[in-house]
Amino acid sequence: MEISVEKKENSIRFTIVGEVDEQGATVLKERFRSLYTASLTKVTFDFKNVTHIGSAGIGKLLLFYKDVAMNNGTIGIEHIAPGIYELFLTLKLETVFLLSKS
Amino acid sequence: MNEKVKSIAAIMLIIFTLSGIFLHWGVRMYQKNRDSKIIETAARTDMLIDELINITNIIYEIRIDNILNDERVVEAFNARDRDRLFRATLPWHIALKNENPFYSNMHFHLPTGRSFLRMHQPKLFGDDLKNLRPMITKVNETHGPVRGYEIGKHGLFYRVAKPVFFKGTYIGAVEIGIQAEEVAKNIERVLNIQVARYIPDYLLNDEFRQFCTNEIQQNQMSINPYTHKSLFEKLLPAYGFHNRSPQRVVIKEGAYILYSSGHLKDFNHETIGQFLTAQDISKEMISYKAFVKHAVILTLILILGAFVVLHFSFGAMINKIIELNQTLEAKVKERTDELKSATVKLLYTNIELNQIFNTAADGMRVIGIDYTVIRVNDTFAKMTGKARQDLENRPCHEWFKGAFCFTQGCTLKRILNLEEHIEVDVVKQLDTGETRSFLLTATPYKSPEGQILGVVENFKDITERKKVALALSKSEKRYRFIAEKTADLIWTADADLNSTYVSPSVHKLRGYTPEEDMAQFLEQKYTRESVTRIQDLVNDLGVRGREGIKLSKAPSVSILLETIHKNNALVPIEVTLTPIYNDKGELVTLHGVSRDITDRKKAYDALKENEDYLKTIMATVQTGVIVTDSKSPLIIDANPYAAKLMGCPMEDLLKGSSRDYFNLEKSWIQKALASRKKIEVEDYELRTAQGESLKVRLSLATANVRGKTYLVQSFLDISDMKRLLEKQEVDIHMAKNIMTLINKEVPRYCELTDHRRLFTEAICVPCNAEGGDHYFVQHFVMEDARTGKTFVSLKDQSGHEVNCILRSIFTDLLHNAALYNPQILTLEAMVEKLNNELCASKFFNEDDFFTAIHVELDHHTLVLKYISAGHPPFLLIREGKISAYPEPGSPANNLPMPFLSNVSYTAGKLQLHDGDQLIFYTDGLLEMTLKHLGHVLTTDDLSCIVRDIIQASGHPGHSLPISQIVQKTLDHISLSAGETIVPESYGIKSVNTSLDDVSLIGVEIEPVDRSRERHFTPKDSGDITRFMSDFQVEVFTGELGKDFGHLEKRVMMVLEESVINAWKHGNQKDPEKSIFVRYSCRNDFVLEVMDQGKGFDFQDLPDPTLAENITRVSGRGLFIVHHFSDHVQWMDEGRHIIISFKKRKRRDDRKNLNKKKDQIRLWQC
């Protein structure tokens, strides 16, 4: 799994490529830790090239969500593949993240 | 102000505006550049703080490691020799003090949580810090290092604590503390800024508040300004802690940018404080002001220069332009005055013409040669009912269209053909729909040069004249007809009613000749009552004549009388009298016409009688009837029940429209009118006056009365009927749910002994909402697996109604109760008990019974016991051979149930082997062919079909899985029978077009293939990723991929979650423990994952979709496993999970993935 980050003022955009499995989730967590989250008000994940995400990856997204939400920030996930989108809906994550399909 | 000044002023204004815009843009760019530098400094500060904390961590971990590598220190600590420990550690302590002025303390702790030695306060020890120092408590619990910020008595400290081991045994912890000020001072040194530290008030303890006197309290924050107290005391009141973005604060000493940076996290990674950074931007502000000042001066110089250039260079040119302009304006004024004078003259002429044009009594309009109306007068506008502006400049045929439009008779065309005067009668239809006649006179509209510009039309309204002429013509015709054809008696009399003339038809009316009639008195001609009435009428006519009151409309009056026939019969007549007066108004003559109305009176009486009859029916019938005109929805008549149904008084109903209550489709009305037949509409919805809807059966018919067509609409209230039907439907669904509750869903697999498992596939397709077929498969898995048993019962209950379902529920309730009875019964005893209980109950009538096949399988011996209660034989498939059981004449063939009480039931026995397959079914399968093919299948036919299916599959012997055999068998028979049989699947309702319920249960004993077992011992998540990748290649790229490729995504997702669950929660990430993964793929794809942990309570998993769990960072793995698989089973106290996936494809939409929750465990209670 690869992550690229673009930061602009109070917003940040992650572009993730590959599978967010247990190992990918660990990478994701480390990347989140290295960020200064206090000023972030808008976080976007581009899932265009994400083929799979497991419960560990979802857990890390929620961990990050807690930091961002503390500062009234929002997290949006874009270009989600249909299978992952269904999984997110099944887990009712649309109540936490702003989801949009590919 | 002259023109020159104005022009220069305008140009200067433009130059001034443009200069202002450029100046503003320049200042904005400067500001933006300055702000970006500030934000960059803030980001660098943040990064620097994180780096400094990391460096501090590394340095002091190394320092502690160095200290603990000193054997004298560890030995002294292990010996609990405080003095020796102090001496051994002192050089390290002094070195650290010299190295870092912010080094605060070194502290040794015992595993009990008590302080052992404070290097900075060696005389203070032995105090219990278990509750005060959670960081040390954590080291004592985990025996691992921790680090992070901690609020101490004397402020905020960064602490690093590490466990101390002596020969592998944990003997306590040592920590080093550094003041948080170190980081602040380092930042100040590198970035030339001032830094303070702040902590939320609620985190502080009493000791902190007592000892830390350098703190400033602001906005519920405790701020340590370090050496910049006077500066931050002035800055802080203007800083909002709620907004963490950079804020500018200006004080007397200068301008500053304040922002929060760095997260000071405790050992749990929770942020407990931050640094507040003050960046002096006074220089930037001075530089900014200087920039603005210079820009303004430069702009003003530019404007002044522009003014001088304009004044001296463009002055002469502007003067010339002004001179030319003045000459031009004088000429324009001269021409304008001339034009005004001509316009006034023209206006007067036009007013005069308009007055003439508009006061004309006839309608007039002028039409141009392009057929556009140029002008109309007021009379014309009035004729058409339009405003003049709506008529003018519009095509002439748009309004007031006539028969000559678009023909050669068009007046404009004729004028253009050089006719000079046209007179023609025209009929025009007005916008109101009224038709009027006009005399149209048309003349050419010419220019002064004689050129034809159009036509002038004059319309004289001659409608009334035409009507009079027509009426006169009709009247003449009618009177002539009466005179020639009438059979009525015509007579004349004087004012005293003495006859002066009687027509010959008197003979027909009264039986007398005209002479005889004339000779009679009134009393001989009419009944007494009639004489009085005619005399009163004639007196009244005489009075009217004298008083000059003429009959307003008709000159005649009619009266009903009875005349006396020669044969003494009374003949009803209608007499029409026309009085003739002289010039003085005296009545002189009466002209009378007497008509026999005997038939009419009879018809009237009969009609009245019918009307009374109809009214009685309409008043009493319990069906609503309303009558409307066929062309209008207005209600003409209605009966009282209609008013009751509509929920309004009859008076209101008769004032209303049928559309207030229902909307008839036009096609129904057209059909009723065309066919003259009654149209019936079921389930029609009627709205009452209260807005409620009512289900009715609507009938629509037409009735012709006196040449007029009426629509008769009757409606019968069927809402009660509907409610009853719906109630019945609800009961069926409720019964179905109860049935599922009792019998539970059939588990796909059950573990047998000796590495075998039992697979079951059940298909039950009712032909109605719910049918008479019902079944259960109950597995009894005991602690000692060898005593486990499986019971299968398939019953075919007669009937399909609710009562049938209720009897099925009752039967299976009793059957399950017998199964779960602690007193273990043999299969025969259980069936006998069930039969006797059913016979004793009053739920079954004499003709209510069911057939059944009852089966018991021993999990260890594989002995199958079976009892057929009048049921079709089941099939055993073994090594390609098919046999039916029980065989004809076998004692295992028993009576249906409940037939006779106290009857013995005998069981048959079969020894099953690995790979044996069984098919149980109901007669609905065999009788499916009856409807279209006219015959019923026999058991032999069924055996042949199954054999053909096995052979056609290309897998000789028994290798075609039973799930495919039962599905293919059902497909084959339903196809040849011309029926559609589709089982319920993933929320899609079942379809069964045959006459009976169809049920099949397939059972197979599957040997567990242990060759497909893998195990690995993961050290980290990378090992799991590698295992997953290898597994995917092994399973889905080979031969298996063809049959199970569509399951790949689901299987891999479920496998990942199961393996991670086993590693994290089962093995607790112990690198010595292994994970076992096994898979098989025969009927279903079965995945097994086993760990070596302590097991867990798999029946109490939290639901991650509940509101309180949605943001939890863990707890979704097993939910995903359940969601994406078809069946999950736990064994070995939660250490072994068995997950199965059905082979056939399912629709992957969200709705269908929502499977049924497990049923209530009714029988395990």
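Details of the structure are given in the entry above.
One structure accompanies this document, and this report is about it. Residue numbers run consecutively from 1 along every chain, following the written order of its sequence. The lettering of chains begins at A and the numbering of ligands begins at 1, in the order of writing. Two thresholds apply to this predicted model, a pLDDT of at least 70 for residue-level local features and 80 or more for giving and counting side-chain atom pairs, whereas whole-chain, interface and lining totals are computed over all residues. Hydrogens and waters are ignored; side-chain quantities use all the structure's heavy atoms.

Considering the overall build of chain B
Working step 1: When its secondary structure is counted, chain B shows 33 helices and 45 strands.
Working step 2: Residue burial in chain B is summarised as follows: out of 1165 residues, 45% are buried.
Working step 3: The contact criterion used is simple: two residues touch if any of their non-hydrogen atoms lie within 4.5 Å. In chain B, of all internal contacts separated by at least 6 residues, the share reaching a separation of at least 24 is 58%.
Working step 4: Accessible surface computed for chain B: about 63400 Å², of which carbon and sulfur atoms make up 55%. Here a helix means four or more residues in a row that DSSP labels H or I, a strand means two or more in a row labelled E, and each is numbered from the N terminus. The buried label applies to any residue whose accessible area, calculated with a 1.4 Å probe on protein chains only, is under 20% of its type's maximum; exposed applies above 50%, and partly exposed to all values in between. Here the Shrake-Rupley method, with its probe set to 1.4 Å, supplies the accessible areas, and only the displayed protein chains count as covering residues.

Section: the side chain of aspartate 858 of chain B
Residue and element names in this part refer to chain B.
Working step 1: For aspartate 858, the location among the structural elements is in strand E31 (residues 850-858).
Working step 2: Think of it this way: Lys and Arg go in the positive column, Asp and Glu in the negative one, and His and the chain ends go nowhere. Salt bridges are counted wherever a side-chain nitrogen of Lys or Arg sits within 4 Å of a carboxyl oxygen of Asp or Glu. Although aspartate 858 is buried, it makes no salt bridge; lysine 789 carries the closest opposite charge, 4.8 Å away.
Working step 3: Side-chain polar atoms of aspartate 858 contact the backbone nitrogen of threonine 861, separated by 3.0 Å.
Working step 4: Setting aside residues up to four positions removed in sequence, aspartate 858 forms contacts with Arg786, Gly788, Lys789 and Val863. Contacts described as polar in this section are N or O atom pairs within 3.5 Å, which, within protein, must combine one atom able to donate a hydrogen with one able to accept it, while residues neighboring in sequence count only if both atoms come from side chains.

Considering the packing of aromatic side chains
Residues and elements named next belong to chain B.
Working step 1: Pairing of aromatic rings covers Phe, Tyr and Trp, the last through its six-membered ring, and needs centres within 6.5 Å; plane angles under 30 degrees mean stacked, over 60 mean edge-to-face, and all others mean tilted. In the structure shown here, the tally under the stated rule is 35 aromatic pairs over all chains.
Working step 2: Their ring planes at 35° and their centres at 6.1 Å tell us that phenylalanine 1027 and phenylalanine 1031 sit as a pair that is tilted. Residue phenylalanine 1027 and its partner phenylalanine 1031 are both found in helix H29 (residues 1021-1036); the two are separated by 4 residues, about one turn of the helix.
Working step 3: Its relative accessible area of 10% is what places phenylalanine 1027 among the buried residues.

Describing the sheet that holds strand E11 (residues 271-280) of chain B
Residue and element names in this part refer to chain B.
Working step 1: Two strands qualify as a pair provided that DSSP identifies no fewer than 2 bridges between them. Strand order across the open sheet formed by 6 strands is E7-E8-E6-E11-E10-E9, with antiparallel pairing between neighbours. A single partner strand is all that each edge strand has here, and the edge strands are strand E7 (216-218) and strand E9 (247-251). Mean inter-strand twist for the sheet, computed between neighbouring axes without regard to direction, equals 30°.
Working step 2: As paired elements, strand E6 (residues 194-200) and E11 share 5 bridges and run antiparallel to each other. Residue pairing for E11: tyrosine 198 is matched across the bridge by glutamine 274.
Working step 3: Running at roughly 150° to E6, helix H5 (residues 181-191) makes contact with E6 and E11 of the sheet. In this description, a line fitted to the C-alpha atoms serves as the axis of each element, helices being fitted only across the stretch in contact, and the angle between N-to-C directions of two axes falls anywhere from 0 to 180 degrees.

Re the interface of chain B and chain A
Working step 1: The interface of chain B with chain A comprises 31 residues on the first partner and 27 residues on the second.
Working step 2: Around 2600 Å² of area is buried between chain B and chain A when both sides are counted, 58% of it from carbon and sulfur atoms.
Working step 3: Taken together, chain B and chain A are joined by 1 salt bridge.
Working step 4: For the salt bridge of glutamate 22 of chain A with lysine 1064 of chain B, the shortest nitrogen-to-oxygen distance reads 3.3 Å.
Working step 5: The tally of links from chain B across to chain A stands at 6 residue pairs in polar contact (both at pLDDT 80 or more).
Working step 6: Listed by contribution, the elements that provide at least two residues to the side of chain B that touches chain A are strand E10 (254-265), H29, helix H31 (1048-1066) and helix H32 (1117-1124) of chain B. Once two parts are joined, some of their accessible surface, as seen by a 1.4 Å probe, is lost; buried area is that loss totalled over both.

Notes on the sheet that holds strand E44 (residues 1127-1131) of chain B
Sheet strands pair via backbone hydrogen bonds, and the direction of the pair is either parallel or antiparallel.
Residue and element names in this part refer to chain B.
Working step 1: Strand order in the open sheet formed by 5 strands is E41-E42-E43-E45-E44, with antiparallel pairing between adjacent strands. Only two strands of the sheet have a single partner each, and these edge strands are strand E41 (1013-1016) and E44. Across the sheet, the mean angle from the axis of one strand to that of its neighbour is 15°, orientation sign disregarded.
Working step 2: The pairing of E44 with strand E45 (residues 1136-1142) spans 5 bridges and is classified as antiparallel. Of the residues in E45, the one forming a bridge with tryptophan 1130 is isoleucine 1137.
Working step 3: The strands touched by H31 within the sheet are E41, strand E42 (1075-1081), strand E43 (1084-1090), E44 and E45, with E43 carrying the most contacts at an inclination of about 15°.
Working step 4: Across the sheet, H32 lies against E44 and E45, angled at about 130° from E44, the strand it touches most.

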